[in-house]
Amino acid sequence: MKKNILLTGVMTLALSTMLISCGKETNAPTTASQYNETASNALLKAVNKGSVEDVSKALKEGANPDVSNGSYTALMIASSSNKKEIVELLINNKANLNLQSNNIKNIPPLNGQTALFIAAKKRHNDIVKLLLDHQANPDISAKFGDTPLMETSKYAVNIVTGK
C-alpha cells in the first residue's frame, strides 16, 4: 500500500511540475464556416468510438478539429478517454487547445474545463505532457475557479489524507 501511495504521489508531483513549468502560447483559433459539417459530425463519432483511422479520414475530408457535441470538443473527449493518437491528430490539425466546455446540463461545475484540465483531472499524464508541449494554457480556470494545477494538487491531498 505504501508503495502505491508513494508512486501515485511521485506521479502527481511530476504532473504538477509539468503544469507549473510550461508556457502560455496558444494555437490560433479557426472559424467553423470553412469546415465540412458532415465530416465534422463523423469526426465526433470517430472520437467517441476511439477510431484513429476514422478520425484521420474525417479530418482529411475537412472536419472541424474543434467540433463540439454542445458541451465538449473532440479534443476534450479524446483527452478524457486517454486516446493519445487521436489527441495528436487533432493537435496536428490545429485544434484549439484552450477551448472550454460549456452548456453541461445539471452539472454547472463542469463548465469551463479545457482538454488540459480534463486530462489532469483524470491523471492522463501522457496527454497532459502532449498538450503542454503544444502550448496548452495551464492557467485557464474552469467556471468554479480551479486550474489544472489545482486539480492535480487535490490528488496529492487525497493520497496523504485518504479522502
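Residues numbered from 1 in each chain as written. Predicted model: local features only at pLDDT ≥ 70, side-chain atom pairs only at ≥ 80, totals over all residues. Heavy atoms only, no water.

**Q** In this structure, what is going on with the overall build of the chain? I would like to understand it.
**A** Looking only at helices and strands, the chain features eight helices and zero strands. Sequence-ordered secondary structure for the chain, helices as α and strands as β, is α-α-α-α-α-α-α-α. Burial statistics for the chain: of 163 residues in total, 44% are counted as buried. For the chain, contacts bridging at least 24 residues in sequence account for 70% of all contacts bridging at least 6. Accessible surface computed for the chain: about 9000 Å², of which carbon and sulfur atoms make up 54%. (Helix = DSSP H or I, 4+ residues; strand = E, 2+ residues; numbered from the N terminus. Buried < 20%, exposed > 50% of the residue type's maximum accessible area, 1.4 Å probe, protein only. Contact = heavy atoms within 4.5 Å. Areas by Shrake-Rupley, 256 points an atom, 1.4 Å probe, with all protein chains shown as cover.)

**Q** How should unusual backbone geometry be read in this particular structure?
**A** Most peptide bonds take the trans configuration, and most residues that are not glycine carry a negative phi. For Lys94, which is not a glycine, the phi torsion comes out positive at approximately 70 degrees. Taking the relative accessible area as the measure of exposure, Lys94 reaches 53% and is therefore exposed. Phi is positive for Arg123, which is not a glycine, with a value near 60 degrees. In this structure, Arg123 sits in the loop between helix H6 (115-121) and helix H7 (125-133).

**Q** What is the right way to read the pattern of salt bridges from this model?
**A** A side chain with one charge may pair with a side chain of the opposite charge, provided their charged atoms come close. Using the criterion set out here, one finds two salt bridges in the structure. Between Asp54 and Lys49 there is a salt bridge, and its shortest N-O distance comes to 2.7 Å. The salt bridge involving Asp133 is made with Lys129; its shortest N-O contact spans 3.0 Å. Taken as a pair, Asp133 and Lys129 lie in helix H7 at a separation of four residues, close to a single helical turn. On the basis of relative accessible area, Lys129 is assigned to the partly exposed category, the value being 42%. (Salt bridge = Lys/Arg side-chain N within 4 Å of Asp/Glu carboxyl O.)

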